[in-house]
Amino acid sequence: MEKTVAAAGSAGPDGSMFRSGCLVFNQDSTSLAVGTSSGYKLFSLTMVEKLDCIHESVEIPDAYIVERLFSSSLVVVVSAAAPERMHIYHFKKGTEICNYSYPNNILAIKLNRQRLVVCLEESIYIHNIKDLKLLKKLLSTPSNPSGLCALSISPSISYLAYPGSSTTGEIIMYDTKSLTVVSMIPAHDSPLAALTFSASATKLATASERGTVIRVFSVSEGSRLYEFRRGMKRYVSISSLAFSPEGLFLCASSNTETVHIFKLEQLRPSAEEQAASWTSYVGKMFSAASSYLPAQVTDMMSQDRAFATVHLLTSGQSNVCTLAMIQKLPRLLVAMADGQLYIYNVDPVEGGECLLAHKHRIFGADDDQSEDTNPERSEITTPAQLPPSYAETAALPGSGPITATLTGYSEDGGAKYGEVIPEHEFAAGPVSLDDENEFPPVSIQKC
């Protein structure tokens, strides 16, 4: 459920002008990573009024990919200074676990408790998160200049979804455990723009480059479950999709000023209820007539409108949204490329226009006090001091076969050679990574 957006600049397929920033919610939306030209920051999202900066690094300039593994200390960083190289750090200890180089520029990185996936324009690399061993290379994949892909976060299912075509909205569903293709889903007529799994990995939401229709598919069957229309007046660029933790709601943001929240429920009456009312006759008449109507008309009549909305102050600005439970209440979070984080209250019963609960400045110029929704200024706490410098590692070539410098991983001691993480730490069941004393399931492999 990771959600990523470039904070500034843009990246061409040749890497000649790479974007210099990113805004990324982690897999369960408990953390926000911000990459800027000067480095990166990690924020904890546990309160509405207070935003804790739990880590700040100025040693990795121009960070355009920053991915944190849940609430652990493992963070993956890619810099525009070396866009073909991935660095994996234990940020609390200030040590580098390993670094890998790839034949071309890295466009996206996805993490879950079993796998680490690196997406290039025409290839995908799948690593084991336990020891960071390379398990599979998917070569000659369809051209994917934006690095679009999604990795499920369920402890029992580790599926990767990525474009199966550069001209249509075809999706390849790949099992990163068995390393086999599961299915192909013809999601849209035009190329894909956004993908995301629900937390349970039972649903997959998609949007195309046209941005008018958002569809939700069953992962196991590949069938279409829901179809939502965010508008027909104009084509838009969908920048992010995100399910709520329980999978009942889906939010979508774009380059317009409106963020939509859709509710995934069947609103149609049951067969018994329908048969007992006069609407059954109308329903039958519509079903018979729909075969003679244009597909666009019948689709429009069968699609549900947004359950709730947010109207941003500006449009045309890159953003990323997510749905999370903060202080036991459902919230919509929208991080903007101008450095603002907006937190809205969501009414799960009535829906409607969401109310702004608080606004935080996560980078850039300080906010004026008058801009805050509360009388008190937005409170951001920062670490008292920066952690020790990252361990120096050997420089790797930017081309040629994939290479790595790898050490063991320990939450207590940072990088250690020769240490093997106990087997129970990466058992098949859920692994708790919310405790600061817990470490991600990474063990040693000497290269």
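Remember, it's a predicted structure, so these values are computed and weren't measured experimentally. (Residues numbered from 1 in each chain as written. Predicted model: local features only at pLDDT ≥ 70, side-chain atom pairs only at ≥ 80, totals over all residues. Heavy atoms only, no water.)

K.L.:
Break down the nonpolar core for me, with residues and values.
P.N.:
Of all hydrophobic cores here, the largest spans 23 residues; its most connected members are Met86, Ile88, Ile106, Ile109, Leu116 and Val118. Secondary structure elements with two or more residues in this core: strand E6 (63-68), strand E7 (74-79), strand E8 (85-90), strand E9 (95-101), strand E10 (108-111) and strand E11 (115-119). If we skip the residues at most four places from it in the chain, leucine 116 touches Val76, Met86, Ile88, Ile109, Lys110, Leu111, Tyr125, Ile126, His127, Ile129 and Leu132. In terms of nonpolar packing, the next biggest core, distinct from the first, is built from 19 residues, Phe25, Cys53, Ala357 and Phe363 among them. (Core = buried A, V, L, I, M, F, W, Y, C linked by side-chain atoms within 4.5 Å. Buried < 20%, exposed > 50% of the residue type's maximum accessible area, 1.4 Å probe, protein only. Helix = DSSP H or I, 4+ residues; strand = E, 2+ residues; numbered from the N terminus. Contact = heavy atoms within 4.5 Å.)

K.L.:
Outline the packing of aromatic side chains, supporting the account with residue identities and numerical values.
P.N.:
Under the defined criterion, the tally for this structure stands at six aromatic pairs. With a centroid separation of 5.5 Å and 40° between ring planes, the pair formed by phenylalanine 249 and phenylalanine 307 is classed as tilted. Remark: phenylalanine 307 occurs in the loop between helix H3 (295-302) and strand E25 (308-311) and phenylalanine 249 occurs in strand E23 (residues 249-254); sequence separation between them is 58 residues. With respect to class, phenylalanine 249 is no different from phenylalanine 307; both count as buried. One aromatic cluster in this structure is built from Tyr100, Tyr102 and Tyr125. Above the ring of phenylalanine 70, the side-chain terminus of arginine 113 is found at 3.9 Å from the ring centroid. (Phe/Tyr/Trp six-rings, centres within 6.5 Å; stacked < 30°, edge-to-face > 60°. Lys NZ or Arg CZ within 6 Å of the ring centre and 35° of its normal.)

K.L.:
Residue-level account of the pairing of strand E3 (residues 31-36), with values.
P.N.:
Burial of E3 is extensive: six of the six residues sit out of reach of the surface. Of the two faces of E3, both are covered, the one formed by Ser31, Ala33 and Gly35 as well as the one formed by Leu32, Val34 and Thr36. As defined by bridge partners, strand E2 (residues 22-25) adjoins E3 across four bridges and the pair is classed as antiparallel. Its bridge partner being in E3, leucine 23 is matched across the sheet by valine 34. (Pairing = 2+ DSSP bridges.)

K.L.:
Give a detailed account of the pattern of salt bridges, specifying residues and quantitative values.
P.N.:
As enumerated under the stated definition, the model contains three salt bridges in all. Notably, a salt bridge pairs arginine 224 with glutamate 227, separated by 2.8 Å at the nearest N-O pair. On the basis of relative accessible area, glutamate 227 is assigned to the buried category, the value being 10%. Several salt bridges converge on common partners, so that one network encompasses Arg215, Arg224 and Glu227. (Salt bridge = Lys/Arg side-chain N within 4 Å of Asp/Glu carboxyl O.)

K.L.:
Tell me about empty space enclosed by the protein, and name the residues and values.
P.N.:
Counted by the stated rule, this structure contains one cavity of 30 Å³ or more. Computed from the structure, the largest cavity encloses a volume of approximately 30 Å³. Looking at the largest cavity, the residues that line it are Cys119, Ile124, Thr141, Pro142, Asn144, Tyr162 and Pro163. Within the lining of the largest cavity, the residues separate by chemical class into five nonpolar, two polar and no charged. (1 Å grid on protein atoms, 1.4 Å probe; cavity = no way out; pocket = protein on both sides within 12 Å on 5 of 7 lines; lining within 4 Å. Points joined across faces, edges and corners; volume = space filled by probe spheres on them. Nonpolar A, V, L, I, M, F, W, Y, C, P; charged D, E, K, R; others polar.)

K.L.:
So what about the sheet that holds strand E20 (residues 213-218)? Which residues, and what values?
P.N.:
Read across the sheet, four strands follow the order E18-E19-E20-E21 without closing on themselves; strand pairing throughout is antiparallel. The sheet is open, and its two borders are formed by strand E18 (192-197) and strand E21 (224-229), each paired with just one other strand. Adjacent strand axes in the sheet meet at a mean angle of 20° when their direction is disregarded. Of the pairings in the sheet, the one linking strand E19 (residues 203-208) to E20 comprises five bridges and is antiparallel in character. Paired with leucine 204 across the two strands is phenylalanine 217, which belongs to E20. (Axes fitted to C-alpha atoms, helices over the stretch in contact; angles between N-to-C directions.)

K.L.:
Which residues make up the sheet that holds strand E24 (residues 258-263), and what values do they have?
P.N.:
Within the open sheet, the five strands sit side by side as E22-E23-E24-E25-E29. Their pairing is mixed. Of all strands in the sheet, those bounded by a partner on one side alone are strand E22 (238-243) and strand E29 (352-353). With two bridges joining them, E25 and E29 adopt parallel strand pairing. The residue of E29 that forms the bridge with alanine 308 is glycine 352.

K.L.:
Any chance you could break down the pairing of strand E17 (residues 180-188) for me, citing the residues and the numbers?
P.N.:
Alignment of strand E16 (residues 169-175) against E17, held across seven bridges, turns out to be antiparallel. Each residue of the ladder has a partner; that of tyrosine 174, found in E17, is valine 181.

K.L.:
Could you give an account of unusual backbone geometry, with specific residues and numbers?
P.N.:
For serine 29, which is not glycine, the phi dihedral falls at a positive 60°. If you trace the backbone, serine 29 turns up in the loop between E2 and E3. The backbone of aspartate 62 sits at a positive phi, close to 55°, despite the residue not being glycine. As for its position among the elements, aspartate 62 is in the loop between strand E5 (50-57) and E6. Relative accessible area serves as the criterion here: at 27%, aspartate 62 is assigned to the partly exposed category.

K.L.:
Quick one: what's the story with the environment of serine 29, residue by residue and with numbers?
P.N.:
We classify serine 29 as buried; its relative accessible area is 3%. With 293 residues separating them in the primary sequence, serine 29 and threonine 322 have C-alpha atoms 7.0 Å apart. One polar contact links serine 29 to threonine 322, side chain to side chain, over a distance of 2.6 Å. (Polar contact = N/O pair within 3.5 Å; in protein donor to acceptor, adjacent residues only side chain to side chain.)

K.L.:
Now, about the confidence of the model for the protein chain: what can you tell me, with residues and values included?
P.N.:
The predicted structure's coordinates, where accompanied by low pLDDT, should not be read in detail. In the predicted model, the protein chain carries a mean pLDDT of 78, and the fraction of residues at 70 or more is 68%. Low pLDDT (under 50) marks residues 269-293, which in the prediction has seven contacts with non-local residues, meaning those over four places away or in another chain. Per-residue pLDDT stays below 50 along residues 384-401; that stretch engages in 40 contacts with residues further than four places along the chain or on separate chains. (pLDDT = per-residue confidence, 0-100.)

K.L.:
Residues and numbers for the state of the cysteines, please.
P.N.:
With the rule as written, the count across this model stands at zero disulfides. Sulfur of cysteine 321: no disulfide; nearest cysteine sulfur belongs to cysteine 251 and is 3.3 Å away. Relative accessible area serves as the criterion here: at 0%, cysteine 321 is assigned to the buried category. Its sulfur unpaired, cysteine 354 is 9.8 Å from the next cysteine sulfur, which belongs to cysteine 251. (Disulfide = S-S within 2.5 Å.)

K.L.:
Describe in detail the environment of glycine 247, supporting the description with residues and values.
P.N.:
Take glycine 247: it is sitting in the loop between E22 and E23. Using a relative accessible area of 7% as the deciding quantity, one classes glycine 247 as buried. Separated by 47 residues in the primary sequence, glycine 247 and serine 200 place their C-alpha atoms 7.7 Å from one another. Excluding its chain neighbours within four sequence positions, the residues that come into contact with glycine 247 are Lys203 and Leu264.

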